[in-house]
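# Coordinate analysis (summary)
Okay, here's what each chain looks like letter by letter:
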Amino acid sequence: MSVLGIYTVHPLADALPLIEGEEFDALVEHINANGLTNPVILSADGTVLIDGRNRYRACDKLNIEPRYERVPAHLTEEEIVAKYIVGAEKRRHLNPGQRAVFALEVEKYFADKAREKERHRKSEGRTLPPVVKSEPIHAHREAAKVVGAAPSTVIQAKAVQRDAPDLLDKVKSGAITLKEADRERKKREAAKPRVSDPAPKPTRTMLTLLTHDGQKVEYPKPQSAATFNETTGDGISWAGWSW
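Let us look at the structure shown here. (Residues numbered from 1 in each chain as written. Predicted model: local features only at pLDDT ≥ 70, side-chain atom pairs only at ≥ 80, totals over all residues. Heavy atoms only, no water.)

On to the pairing of strand S6 (residues 206-210). In the sheet, S6 pairs with strand S7 (residues 216-220) via 5 bridges, with the strands oriented antiparallel. The residue bridging Thr208 from the neighbouring strand is Glu218, located in S7. (Pairing = 2+ DSSP bridges. Helix = DSSP H or I, 4+ residues; strand = E, 2+ residues; numbered from the N terminus.)

Extensive coverage of helix H3 (residues 53-62) is indicated by the burial of 7 of its 10 residues. A positive backbone phi angle near 60 degrees is found at Asn63, which sits one or two residues after H3. (Buried < 20%, exposed > 50% of the residue type's maximum accessible area, 1.4 Å probe, protein only.)

Its identity as a non-glycine residue notwithstanding, Asn63 has a phi of 60 degrees, on the positive side. Mapping Asn63 onto the fold places it in the loop between H3 and strand S5 (68-70).

A few words on the pairing of strand S4 (residues 48-51). Two strands pair when backbone bridges link them, and strand S2 (residues 7-9) and S4 are joined in this way by 2 bridges, in the parallel orientation. Paired with Thr8 across the two strands is Val48, which belongs to S4. Bridging between strand S3 (residues 40-42) and S4 involves 2 bridges; their strand directions are antiparallel. Directly across from Leu42, in S4, lies its bridge partner Leu49. Counting the residues in the hairpin turn of S3 and S4 gives 5 residues, including Gly46, whose phi is positive at 75 degrees.

Attention shifts here to the sheet that holds S3. An order of S1-S2-S4-S3-S5 is seen for the 5 strands of this open sheet, with the pairing classed as mixed. If you trace the sheet from one side to the other, it starts and ends with strand S1 (3-4) and S5, each paired once. Pairing geometry for S3 and S5, over 3 bridges, is parallel. When the bridges of S5 are listed, Leu42 appears paired with Arg70. Here H3 sits on the sheet and contacts S1, S2, S3, S4 and S5; the angle it forms with S4, its principal contact strand, is near 110 degrees. (Contact = heavy atoms within 4.5 Å. Axes fitted to C-alpha atoms, helices over the stretch in contact; angles between N-to-C directions.)

Applying the stated criterion to the full structure yields 3 aromatic pairs. With 6.1 Å between their ring centres and 90 degrees between their planes, Tyr7 and Tyr56 make a pair best called edge-to-face. Linking Tyr7 in strand S2 with Tyr56 in helix H3, this pair joins segments that are 49 residues apart in sequence. On the accessibility criterion, Tyr7 (8% relative accessible area) is buried. Residue classification places Tyr56 among the buried residues on the basis of a relative accessible area of 13%. Arranged with centres 5.3 Å apart and planes meeting at 80 degrees, the rings of Tyr109 and Phe110 form a pair that is edge-to-face. Linked through ring pairs, Tyr7, Tyr56 and Tyr68 together constitute an aromatic cluster. For Arg57, the ring lying beneath its charged end belongs to Phe24, and the centroid distance is 4.3 Å. (Phe/Tyr/Trp six-rings, centres within 6.5 Å; stacked < 30°, edge-to-face > 60°. Lys NZ or Arg CZ within 6 Å of the ring centre and 35° of its normal.)

This is the structure we're talking about:
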């Protein structure tokens, strides 16, 4: 997790792109003229910055102390994320591609949390029902619903993340659109040399053997070298080749 001032930034808040340039300058001017309208949101213990990175940065530039508000201690992590991080008002400046990338972060965050809870449950020897794993398609649809992204764009973002992760950062920053990133991904994939089909396995050499009554029998030639076996002794006389 990144740090802003003395605060650790919540990983999902950190996944949202910061505003820059003219948009950030406009926020600074607004706070300078009108004061801080909305407080910077901290965790219940006051150590994690949950919402308000841009407001914090603007206040820091103006050299003024922000107004803070802590989340109620009784809220669960899911409730905190839904209310303060992925609320509709927090996503107004995101384009469709950025929302899809953010949905990937939301999906991964809660998947990691679920695994963490499961490990904790096992370490304590508790007999609670295990965490139910959702099908991947359900997971991405749920994440898309939470952040207001189209499920198809989340699938597209997953493909870019898998094949061209360097382009995903550009989508997140707004430098390129998700469609542009996906087109470039497809070009890269098409330019890759195709893997040729594996060479067919050589057919085994067959030997024709004779049975004790003179019948011919086809038998695969052994891969190892033949060895000569001999057994001798009183009343014993036997020898033969074997593989």
